[in-house]
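Structural overview
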Amino acid sequence: MKHKFLFFCLLLASQLGCVKSPTRTYLFIGSFTEGKPKKGIHVYEFNTNTATLKPLYAVAKTVNPSFLRLSHDGSFLYSVMESQLPTNGKVAAFAVDSLSGNLKFLNIQDSGGRNPAHLSITGMGNYLVNSNYTDAGISVFKADKDGVLQKQHQLITFKDSSIIKGRQDAAHIHSTNLSSDGEFLFAQVLVADKIRAFQVQLNSQGLTLVDSGFMPIKPGSGPRHFTFHPNGKFGYAIAELSGSIIAYKYSKGNLRYVQDYPSYRTKQDRYRAADIHISPDGLFLYASNRGPKEDSIVIFSINVQTGQLNLVGHEPTYGEHPRNFCISPCGNFLLVANQFTNNVVVFQRNKKTGILTKLPQELNVENPSSLQMFSYRID
């Protein structure tokens with residue numbers, strides 16, 4: 001119950017940018033730097049009236065900062081580093097200057113394995129969970145009140161496989177997500193066709209994840225990312241290898257299967273479904289498809305009573321390989337990172353219909369792979 005109360009307090013805080021008071025909205029972009037030290041993290045100011053973007057800051061000499069995560073209050077930015085390299089990756093912490101958009105480097109820690117691919121933050125906000133893809137594992141870090149990361153105090157590793165040769169030969173953890181009540185963590189094991197559950201416990205050592213079993217998924221699906229509905233009753237997985245979205249009902253650490261939905265417009269020989277998010281009002285679900293023949297955002301309306309989805313349509317992403325996308329804090333815009341065509345595209349989102357309309361401005365960013373947005377109050 002304590003975790004649930006804290007979660008909803010933080011959810012309310014995250015929506016403060018939607019009240020009618022002066023705000024400044026920033027877009028944070030992480031990217032792949034081809035394994036070389038480059039400007040890999042970029043900060044832009046997003047004008048919510050004109051939907052235009054102004055460059056503010058870039059972090060130099062970063063190596064593959066390919067996934068970003070903001071703290072719940074926007075004060076700190078965390079990034080995986082040195083992903084997709086033959087050596088252990090890293091996790092870095094930055095302080096965000098809400099007035100200028102500048103980032104101040106705080107510290108960096110070893111991720112506990114190769115190819116860190118995803119970060120999640122507990123409802124209390126002071127623990128960071130990293131997913132290592134190549135050396136399949138989950139590492140847990142405590143964040144001090146000033147945002148600095150302590151060394152990992154828990155590392156859970158996995159060995160598993162499934163049916164698709166060449167794509168499911170060894171275990172890969174692609175992401176983790178905290179349940180809406182904050183009491184369970186769910187890990188998407190892409191290669192094993194499983195969603196693993198862990199109970200979140202606090203003890204004298206800090207936050208500890210305790211194995212609570214797993215939910216099997218149809219063989220060959222490849223769960224990649226996951227999102228919980230704002231009402232806490234439903235969860236949705238995006239399956240990379242089958243190009244499908246899987247709906248669940250959630251209760252007390254259990255995910256109960258509801259239905260599968262195709263993410264792509266048409267049947268494909270090979271699927272590469274990627275990212276998934278729900279609009280802040282909980283009425284629409286969006287997911288990205290990364291080719292090879294269709295680069296699109298699929299749009300579903302959500303039945304908030306049953307959790308079932310209804311297809312609204314597909315919108316092309318005007319670029320290739322939409323690895324990641326985000327919805328603006330007030331829900332008026334959706335921004336897509338097309339990794340292979342080096343562009344970030346801005347769409348206006350119709351709150352009543354869920355439909356997306358492409359807007360004129362695009363950003364040219366080398367290999368964009370992760371987007372985060374936050375609105376800071378300036379009064």
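**As for the overall build of the protein**
Regarding its fold elements, the protein presents 1 helix and 28 strands. Its C-alpha atoms give the protein a radius of gyration of 19 Å, within 12% of the compact-globule value 21 Å for 379 residues. Taking the principal axes of its C-alpha atoms as reference, the protein extends roughly 50 × 50 × 45 Å. The 379 residues of the protein split such that 56% are buried. Within the protein, contacts between residues separated by at least 24 positions form 50% of all contacts whose residues are at least 6 apart in sequence. For the protein, the centre of its 39 positive side-chain charges and the centre of its 27 negative side-chain charges are spaced 2 Å apart.

**A closer look at the pairing of strand β3 (residues 52-59)**
Summarising the sheet, strand β2 (residues 41-47) and β3 pair through 7 bridges and their orientation is antiparallel. Bridge pairing links His 42 to Ala 58 in β3. Hairpin connection of β2 to β3: 4 residues between the antiparallel strands, including Ala 51 at a positive phi of 60°.

**Points about the side chain of Thr 227**
With respect to the helices and strands, the residue Thr 227 is situated in strand β16 (residues 223-228). Residue classification places Thr 227 among the buried residues on the basis of a relative accessible area of 12%. Thr 227 has contacts with Phe 234, Gly 235, Tyr 236, Ile 276 and Ile 278, leaving out every residue within four places of it along the chain.

**Here we look at the sheet that holds β16**
Read from one edge of the open sheet, 4 strands run β16-β17-β18-β19, paired in antiparallel fashion. Here the strands that pair on one side only, and so sit at the sheet edges, are β16 and β19 (254-262). Each strand axis lies, on average, 25° off the axis of its neighbour in the sheet, ignoring direction. In this sheet, β19 lies alongside strand β18 (residues 244-251) in antiparallel orientation, the contact comprising 8 bridges. Paired with Lys 249 across the two strands is Arg 256, which belongs to β19.

**What to know about the layout of surface pockets**
Roughly 300 Å³ of internal volume is contained in the second largest pocket. Around the second largest pocket, the lining comprises 21 residues; the ones closest to its centre are Phe 32, Gln 84, His 174, Arg 224 and Arg 323. Going through the elements one at a time, β8 (116-121), β16 and β24 (322-327) are the ones with two or more residues in the lining of the second largest pocket. The residue makeup of the lining of the second largest pocket, split by class, is 6 nonpolar, 10 polar and 5 charged.

**What about the confidence of the model for the protein?**
Scored by pLDDT, the protein has a mean of 91; 91% of the residues are at 70 or more. Every residue in residues 1-17 scores below 50 in pLDDT, and together they form 22 contacts with partners more than four places removed in sequence or on other chains.

**Looking at the sheet that holds strand β4 (residues 68-70)**
With respect to topology, 4 strands assemble into an open sheet ordered β4-β5-β6-β7, the strand pairing being antiparallel. Both edges of this open sheet fall to β4 and β7 (103-114), since each of them pairs with a single strand only. With direction set aside, neighbouring strand axes in the sheet form an average angle of 20°.

What counts and how
- Residues numbered from 1 in each chain as written.
- Predicted model: local features only at pLDDT ≥ 70, side-chain atom pairs only at ≥ 80, totals over all residues.
- Heavy atoms only, no water.
- Helix = DSSP H or I, 4+ residues; strand = E, 2+ residues; numbered from the N terminus.
- Rg over C-alpha atoms; globule rule 2.2 N^0.38 Å.
- Buried < 20%, exposed > 50% of the residue type's maximum accessible area, 1.4 Å probe, protein only.
- Contact = heavy atoms within 4.5 Å.
- Lys, Arg positive; Asp, Glu negative; His and termini not counted.
- Charge placed at Lys NZ, Arg CZ, Asp CG, Glu CD.
- Pairing = 2+ DSSP bridges.
- Axes fitted to C-alpha atoms, helices over the stretch in contact; angles between N-to-C directions.
- 1 Å grid on protein atoms, 1.4 Å probe; cavity = no way out; pocket = protein on both sides within 12 Å on 5 of 7 lines; lining within 4 Å.
- Points joined across faces, edges and corners; volume = space filled by probe spheres on them.
- Nonpolar A, V, L, I, M, F, W, Y, C, P; charged D, E, K, R; others polar.
- pLDDT = per-residue confidence, 0-100.

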